[in-house]
Amino acid sequence: MKKYLAEKVGAALVTLSYDTTTTPLVFDKPKDEAHGDITTNIAMLLAKAVKKNPRLVGQEIVGRLEIDPKFVSKVEIAGPGFINFSFTDEFFTSQIGALLAQSEGFGKINTGGGKKTQVEYVSANPTGPLSVGHGRQAAVGDTIANILVWAGYDVTREYYYNNAGRQMRLLAESTYARYRQLFDDSYGFPEEGYQGDYIRHIAEDLKKLRSDSLIALPMEEALSVSKDFAEQELFQAIKKVLARMGVVHDVFFNEDSLYKTGKIEEVISEFRRKDLAYDQDGAVWLKTTALGLDQDRVIVKSTGEPTYRLPDIAYHREKFRRGFELIVDVFGADHIATIPDVLAGVKALGYDPEKVKVVIHQFVTLKRDGEQVKMSKRLANFVTLDELIDEVGSDAVRFFFLMRSTSSHLEFDLNLAKEQSEKNPVYYLQYAHARIASILRFAEEQGTFQASTSLAGIDYTLLKGPAEIALTKLLLDFPETIELCSQHLEPHRLTTYLQDVAAAFHKFYHEHRIVIPERELANARLALCLAAKTVLANGCKILGISAPERM
RNA sequence: GCACCUGUAGCUCAACUGGAUAGAGCAUCAGCCUUCGGAGCUGAGGGUUGGGGGUUCGACUCCCUCCAGGUGCACCA
């Protein structure tokens, strides 16, 4: 429709000999229904250039328009100079059939054009159970990946981790110490070790498996066994909790592989060759100042160990080398400082940093009984993702994590998430779906409607009520919503949209009885119900929450 | 001190990326069940969009400045 109007308005502009090359012709959807279904500000933009009254320019354009009244019911100049177009009801309702024909595929678009895309998210090292913050990242990353798939991108979901280095050494020492304490409770615990109870559990499992055999081993070997065991248990737990949320990665990329295949060395020598790296105080520095940043950074410590920047840069280079044309990194706010360095490094290696889109999500706080839940990682009394899912369920966890824009801090109200009432947005949405399912069952029992056979020959022009038209319009917006979500990598637009759909359905339901003796009208309304159910189900699928037939 | 995020109704948050009278939910108050799911619907009140400047036909949105909260600023990841 936009295309059609663009053509017509464009033609009018040419007739009026306005300059159409410098002024973009853009159509928007007004927020206020009274302003029509689509609007353009072209008259105001042109008026500025030619110093005329915008409303006058609008009049000229509208005067030259030749538009099919079957689609467009009204064209008017409004406000400071907007040209508003209103469409006929039939224009909207005539598209319901096509929506139903696409069914489970309705909403799929191809703006991605099969572009090879990677979404990296969670990427927590196996040093402990996932926190609620990781949960937000899992929900956001996974849903962005789903959205991109719907928008026609070829998506790989990836988890990057490091099972070497200082943190893992601490994990090994902590595990081993807890293990020894099972035999001798005076055995010392490392100063900065991991305090959490989960280490004790791992140690107990280790004892079950190996009895006291580790005590006799040389220390290095005992630590190595402890590390491997703890890592394995923790990774299992991580994968398990992610699976509870419906999150499954395609690729687990180990940082260590970058060393083994010489990729790290390669990056260093390339930086040296480009005169972007130098030695000072026994360390290797990256000349980030030459790349537009405010200070140089160490990439290899004087101990010979690289800092996190180096493997991060090497990893991103591998992403490009593996052929990804769009790279989405989902990070927590605490990683924000590393991004400029990595992007500068990528650019210096000859790759386009514009292809890397970083989604930063802010922190999560939990609220229970109106009070903020205190969490401290150091004291290990933080709430784990597993516990959160136990308490409120996977659907609520995903939905709550998705319903705010990622750049906003998120307050997770535990009481609300558990509440089974209209206050809870998840239930509101799912209830709409279940309610439609129930209506369709009822109609089938009455013999008035069979979803599989009754769709042919439906007269959609019978749908005329404002609530019917409003619902129809909203349902047809679904593909556009997917497009916006994919462009901006913003899942919360989808939760907001689906809330609106649910609300529009409930309103429609209250204003119109659906299963009525007038067969024709009943069938048209039932088809509209089915269309609403389709959109809700497809939307829930993308969000990763269930769309129940009964509840 | 510097960088990034945030500041919108009593609370939690939107606002189609510069558009028209800033919108939802919760909370408060007032209504709606003989009939398809009341886990629902309708209505009311509630705002100087943190303050102050600027850019322009037009600003929650862009620029400057100040204030408040969060995060980061290691040869930790």
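The rules behind these values
- Residues numbered from 1 in each chain as written.
- Chains lettered and ligands numbered in written order.
- Predicted model: local features only at pLDDT ≥ 70, side-chain atom pairs only at ≥ 80, totals over all residues.
- Helix = DSSP H or I, 4+ residues; strand = E, 2+ residues; numbered from the N terminus.
- Buried ≥ 20, exposed ≤ 12 C-beta atoms within 10 Å, placed from the backbone.
- Contact = placed C-beta atoms within 7 Å.
- Pairing = 2+ DSSP bridges.
- Axes fitted to C-alpha atoms, helices over the stretch in contact; angles between N-to-C directions.
- Core = buried A, V, L, I, M, F, W, Y, C linked by C-beta atoms within 7 Å.
- Parallel < 35°, antiparallel > 145°, perpendicular 65-115°, else oblique.
- Left-handed = near helix turned anticlockwise from the far one by under 90°.
- Nonpolar A, V, L, I, M, F, W, Y, C, P; charged D, E, K, R; others polar.
- Domains from an automatic or database assignment.
- Arc of directions from axis to C-beta.
- Expected span 1.5 Å × (residues − 1).
- pLDDT = per-residue confidence, 0-100.

To continue, consider the overall build of chain A. From N to C terminus, chain A includes 21 helices and 15 strands. With respect to the three principal axes, the spread of C-alpha positions in chain A is 90 × 65 × 40 Å. Taken over 551 residues, chain A has a buried fraction of 38%. Pairs at least 24 residues apart make up 73% of the contacts formed inside chain A by residues separated by at least 6 positions.

What follows is about the sheet that holds strand S1 (residues 27–28). The antiparallel open sheet is built from 4 strands, whose spatial order is S1-S2-S4-S3. Two strands in the sheet have a free side with no partner beyond their single neighbour: S1 and strand S3 (72–78). Pairing geometry for S3 and strand S4 (residues 82–87), over 6 bridges, is antiparallel. Within S4, the residue paired with Lys74 across the bridge is Ser86.

Our next topic: the pairing of strand S8 (residues 277–280). Two strands pair when backbone bridges link them, and S8 and strand S9 (residues 283–286) are joined in this way by 4 bridges, in the antiparallel orientation. The residue of S9 that forms the bridge with Asp279 is Val284. Taken together, S8 and the strand that follows it, S9, pair antiparallel across an intervening segment of 2 residues, in which Asp281 is found at a positive phi of about 50°.

This brings us to the sheet that holds strand S12 (residues 356–361). Pairing within the open sheet is parallel, and its 5 strands lie in the order S7-S6-S5-S11-S12. With one partner strand each, in any of the chains shown, strand S7 (251–254) and S12 form the two edges of the open sheet. Sheet twist, expressed as the mean angle between neighbouring strand axes with direction ignored, is 25°. Taken strand by strand, helix H6 (residues 132–150) contacts strand S5 (116–120), strand S6 (154–161), strand S11 (326–332) and S12, and its axis lies near 160° from that of S11.

Let us look at the nonpolar core. Across soluble globular proteins, nonpolar side chains have a tendency to be buried as a group. Val501, Ala532 and Leu536 are the most contacted members of the largest nonpolar core, which has 121 residues in total. Here the element with the most residues in this core is helix H21 (residues 519–543); it accounts for 14 residues. Other than its neighbours up to four places away in sequence, Leu536 contacts Leu429, Ala432, His433, Leu498, Val501, Ala502 and Ala547. One finds Leu5, Val9, Ile61 and Phe85 within the second-largest nonpolar core, a separate group that totals 13 residues.

It is worth spelling out the environment of Ile469 at this point. Turning to its location among the elements, Ile469 is positioned in helix H18 (residues 466–476). Taking the number of C-beta atoms within 10 Å as the measure of exposure, Ile469 has 17 and is therefore partly exposed. Excluding its chain neighbours within four sequence positions, the residues that come into contact with Ile469 are Asp89, Phe92 and Leu463.

So, on to the pairing of S12. Pairing of S11 with S12 involves 6 bridges; the strand directions are parallel. Residue pairing for S12: Phe331 is matched across the bridge by Ile360.

Time to look at the packing of helix H20 (residues 492–511) against H21. Here H20 crosses H21 at 155°, and the two axes come no closer than 10 Å. Relative to H21, the element H20 is oriented roughly antiparallel. Judged by the sense of rotation from one axis to the other, the crossing of H20 with H21 is left-handed. Judged by residue contacts, Leu494, Thr495, Leu498, Val501, Ala502 and Phe505 of H20 engage Ala532, Val535, Leu536, Gly539, Ile542 and Leu543 from H21. Of the residues that constitute the contact of H20 with H21, the class distribution is 10 nonpolar, 2 polar and no charged.

Attention shifts here to the domain arrangement of chain A. Interfaces are often sized by the accessible area lost when the parts come together. Each assigned domain of chain A is listed here: domain 1 (2–87), domain 2 (93–111 + 422–543), domain 3 (116–160 + 248–361) and domain 4 (166–244). Once you take the C-alpha centre of each, domain 2 and domain 4 turn out to be 53 Å apart.

Looking only at helix H19 (residues 478–488), the buried set comprises Phe478, Thr481, Ile482, Cys485 and Ser486. Buried residues of H19, viewed axially, fall in a sector of 130°; they line one side. Within two residues after H19, Leu489 carries a phi angle of roughly 55°, on the positive side.

Bringing unusual backbone geometry into the picture now. Of note in this structure, Ser103 is not a glycine but carries a positive phi near 50°. Following the sequence through the fold, Ser103 ends up in the loop between helix H5 (96–102) and S5. For Asp275, which is not glycine, the phi torsion reads 60° and is therefore positive. As for its position among the elements, Asp275 is in the loop between helix H11 (263–273) and S8.

For the pair H18 and H21, the least separation of the axes is 10 Å and the interaxial angle reads 35°. For the crossing formed where H18 meets H21, the hand is left-handed. Across the interface between the two elements, Glu468, Leu471, Thr472 and Leu475 from H18 touch Leu528, Ala531, Ala532 and Val535 from H21. Of the residues contributing to the contact of H18 with H21, the split by class is 6 nonpolar, 1 polar and 1 charged.

The terminal C-alpha atoms of helix H1 (residues 2–15), which comprises 14 residues, lie 20 Å apart, in line with the 20 Å expected from a rise of 1.5 Å per residue. Restricting attention to buried positions, one finds in H1 the residues Leu5, Val9 and Leu13. Buried positions in H1, seen along its axis, are confined to an arc of 70° and lie on one side of it. Projecting away from the buried face of H1 at angles above 90 degrees are the exposed residues Lys3, Tyr4, Glu7 and Val14. With its phi angle positive at about 50°, Ser17 sits one or two positions after the end of H1.

For the rest of this paragraph, the subject is the confidence of the model for chain A. Summing up the model confidence of chain A, the mean pLDDT is 91 and the portion of residues at 70 or higher is 99%. This complex was scored by the predictor with a pTM of 0.95 and an ipTM of 0.95.

This brings us to the environment of Asp32. Here Asp32 is to be found in the loop between S1 and strand S2 (38–40). Overall, the presence of 8 C-beta atoms within 10 Å leaves Asp32 in the exposed class. It is 19 Å that separates the C-alpha atoms of Asp32 and Phe505, two residues lying 473 residues apart in sequence.

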